[in-house]
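Coordinate analysis (summary)
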Amino acid sequence: MATLSLHSIVKAFGKTDVIKDISLSVEDGEFVVFVGPSGCGKSTLLRIIAGLEDQTSGELRIDGQEVTGKEPIERGVAMVFQSYALYPHLTVFDNIAFPLRLKKNNKQEVKARVEAAAATLNLTDRLHHKPSELSGGQRQRVAIGRAIVRDPKLFLFDEPLSNLDASLRGAMRVELSELHQQLKTTMIYVTHDQVEAMTMADRIVVLNGGILEQFGTPMELYHNPQSRFVAGFIGQPGMNFIPATLIDMGAEQITAQFAGQATQNARVDAKGHSTGVSIDVGIRPDDLKLATDGAGFAVRVRVLERLGASTIVYGNLADDTPICAALDGLVKLQAGDQIALTVDPDAVHVFDTGGRALPRLAAPAL
Amino acid sequence: MTANLHPNRGNARVTLIVLYAVLLIYAVVTLMPFIWMLITSFKEPRDVFKLPPSFVPKLLFTDHPFENYVEIWTQRDFVIYFRNSAFVSFMAAVGQVFATSLGGYAFARLDLPGKNWLFALVLVTAFVPVEVTIIPEFLIMRGLGWVDTFLPLIVPSFLVGAFGTFMLREYFASLPRDYGDAAYVDGATPFQIFWKVYLPLAQPALVAVFVIAFINNWDELLRPLLFLNSNELKTVPLGLMSFVSQYEASWTLLMAGSVISTLPLIIIYMLTQKYVLQGFVGGGVKG
Ligand SMILES: Nc1ncnc2c1ncn2[C@@H]1O[C@H](COP(=O)(O)OP(=O)(O)OP(=O)(O)O)[C@@H](O)[C@H]1O
Ligand SMILES: [Mg+2]
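Residues numbered from 1 in each chain as written. Chains lettered and ligands numbered in written order. Predicted model: local features only at pLDDT ≥ 70, side-chain atom pairs only at ≥ 80, totals over all residues. Heavy atoms only, no water.

**Focus: the overall build of chain A**
Note the following rule: Where helices and strands are cited, they refer to DSSP runs of H or I of at least four residues and of E of at least two residues respectively, numbered from the N terminus. Categorising residues by exposure relies on relative accessible area from a 1.4 Å probe, with only protein chains included: less than 20% of the type maximum marks a residue as buried, more than 50% marks it as exposed, and the intermediate range marks it as partly exposed. Working rule for contacts: check all heavy atoms of both residues, and any pair within 4.5 Å makes them a contact. Each accessible area is a Shrake-Rupley estimate made with a 1.4 Å probe; only the visible protein chains count as cover when residues are assessed. By the counting scheme adopted, Arg and Lys are positive, Glu and Asp are negative, and His together with the chain ends is not counted. Note on charges: their place is set at NZ of Lys, CZ of Arg, CG of Asp or CD of Glu.
Looking only at helices and strands, one finds 9 helices and 20 strands in chain A. Across the 366 residues that make up chain A, the buried fraction comes to 51%. Residue pairs at least 24 apart in sequence account for 66% of intrachain contacts in chain A once pairs closer than 6 positions are excluded. Just so you have it, chain A exposes about 15,900 Å², and 48% of that area is on carbon and sulfur atoms. Once the 36 positive and 43 negative side-chain charges of chain A are each reduced to a mean point, those two points are 7 Å apart.

**Focus: the pattern of salt bridges**
This is how it is decided: We count a salt bridge whenever a side-chain nitrogen from Lys or Arg sits within 4 Å of a carboxyl oxygen from Asp or Glu.
Within this structure, the stated rule accounts for 22 salt bridges over all chains. Among the salt bridges present, the one from Asp186 of chain B reaches Arg146 of chain A, with a minimum N-O distance of 4.0 Å. Here Asp186 of chain B, found in the loop between α9 (177-185) and α10 (190-201), pairs with Arg146 of chain A, found in helix α5 (residues 136-148), and the two come from separate chains. With respect to class, Asp186 of chain B is no different from Arg146 of chain A; both count as buried. Here Asp186 of chain B makes a salt bridge to Arg150 of chain A, at a shortest N to O gap of 2.8 Å. Here Asp186 of chain B, found in the loop between α9 and α10, pairs with Arg150 of chain A, found in the loop between α5 and β7 (154-158), and the two come from separate chains. As far as burial versus exposure is concerned, Asp186 of chain B and Arg150 of chain A are alike and both buried.

**Digging into the site of ligand 1**
Residue and element names in this part refer to chain A. This is how the line gets drawn: By convention in these notes, a residue is near a molecule or strand provided one of its non-hydrogen atoms lies within 4 Å of it. In protein, a polar contact means a hydrogen-donor-capable atom and an acceptor-capable atom, both N or O and within 3.5 Å, with residues adjacent in sequence counting only if both atoms are side-chain atoms; elsewhere, any N or O pair within 3.5 Å suffices.
Around ligand 1, the structure places Phe13, Val18, Ser38, Gly39, Cys40, Gly41, Lys42, Ser43, Thr44 and Glu159. Cys40 places a main-chain nitrogen or oxygen 3.2 Å from an oxygen atom of ligand 1. In this structure, Ser43 approaches ligand 1 through a side-chain N or O atom, which is 2.6 Å from an oxygen atom. Look at ligand 1: alone it shows 630 Å² of surface, and the protein chains cover 56% of it. Ranked by residues supplied to the shell around ligand 1, first place goes to helix α1 (residues 42-50) with 3 residues.

**What about the sheet that holds strand β2 (residues 16-26) of chain A?**
Strand pairs in the sheet, formed through backbone hydrogen bonds, run parallel or antiparallel to each other. All names here are of chain A. Our working definition: DSSP bridges decide pairing: two strands pair if at least two such bridges lie between them.
Taken in spatial order, the 4 strands make up an open sheet running β2-β1-β4-β5, and their pairing is antiparallel. Each edge of the open sheet carries a strand with a single partner, namely β2 and β5 (65-66). Pairing of strand β1 (residues 4-13) with β2, which is carried by 7 bridges, proceeds in the antiparallel orientation. Looking at β2, one finds that Ile9 is bridged to Ile22.

Now the structure itself:
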């Protein structure tokens, strides 16, 4: 159980800043996910927290204590690696016991704690096998076991599920969430998979190019993304971005024009902007509907993906801007059809040319 | 169709035949001296230089087939030489494993300023001919009062070894860094990381270094010749030399001794072949 806070953390390798001035604080018992594209600095940030790398500047506190320069063991952190890093020459038992034996615990206690951890993780009948004799999911659990026997203040996970196949990953996601509910220990979890982030996190840190884009609950990130990057990263399928021009501004809503003559209202606050500027209109595929009464904008259907419950429609606007919509599963369409789509102005996101979101006036209450 | 899929099948077969022929010739050429040695060890002295040479191990067809072996083992001091060689080679090989595992690990994994220069320096020592260093080496050993003891043959192996350091550095570098990171996070000291994690994983390379050092020291003639005087300290190569001296030339005894002295090397190599190969191939350890 611990709080964690980062103040202006910077990390440079040689001359390149990989982590650029990141500050955030994590509450006691929270499950926080660092998510971002490959190379954005997630692992580096995690390794700084672990004590495997030193930050170039900035302060790092665990439970209010400055821990810069302290060994990982003094920080009370345990880490699960993407590669699992199970020692191949040791059995499952010895792998899990490894951290305990470093501290000269007595034999009975080691045995009791290893067996307890193994029971929690369903590994009891595998204790005397070598890692090479285990399945991917079991290796994963051994790595977690080696972390939980230590009873750490803070768990760090670096993409722990990325080596598992899709169905196992789903199952392990649930197991990890349950483990967190059971242990109530603060956990930091790194992934590049936004589904993992959305499903497991209490709060999500979105990183991009070493910069903290946004820190919030999954629903905040989904409904109130503060930048085009976050809006595009969170949600599946990804948000549509349509280059547009701001043609009318009211107190309650604005009007954007795109793809030639199409117009769309959006309930956002455009304070500080003026008509005529370029903007990006952001629409989630789920918010698009088939227009019935001649309203909406014209879309030519290119490909249909029928998933059963929904049908994903890939099409193009009049000026060939690609657009994706998630429509009803049984919708009667085929490739080449000419359709019209509408969206509720309440659901439309607008981004300025710098990629910043204009504040929404009608976002759902969270 | 098949012909089109394998247009080179005929050529491949020819290549294979040529390859085997060349390898066969090579095998015969390298094995010939050993076979000759084996045959001669079962001959009577007067048949050794008979012309035309005979390939018949004549003693095998008498009632005292192992006469030469019995003689070196019972009437000469070969047992002592053999024991001395075994001891010196074993200790020197242990020394090499000790020194080069520490050195190789440090060069592979520790952050030391200037370590690449230092490593280059260690490698360079492998290219300095013995003739250049042997006299200073002798003077040092004499200065230490170590002449006519085993120490000059053992102690240097505990200090440095270019080949082993190179080999183990490569091997340690090929093992995943995550193991060390994981152990460090769990509270292991740098020495514990070396001792409990990486050293056990380097076992094949350690065995390879041990075997190679053992063989080299077993075969060593120059240093024992320089540093050892007493008969009871002599090693096998010195003992073999004494069979062919100014006063006598017992070729049959020499060959019997040579056969015996080759046996341990063959046995060690056969027992450890798997590891030695793995040691050379690198640390493809599966997690
Ligand atoms: N030891 C290092 N020396 C130099 N550059 C490094 C080092 N470690 C990481 N980097 C660089 O820092 C950047 C961030 O790396 P990091 O491993 O943190 O990314 P990541 O977000 O974890 O990516 P991934 O999802 O691929 O694991 C990358 O551009 C990487 O090349
Ligand atoms: Mg990473």
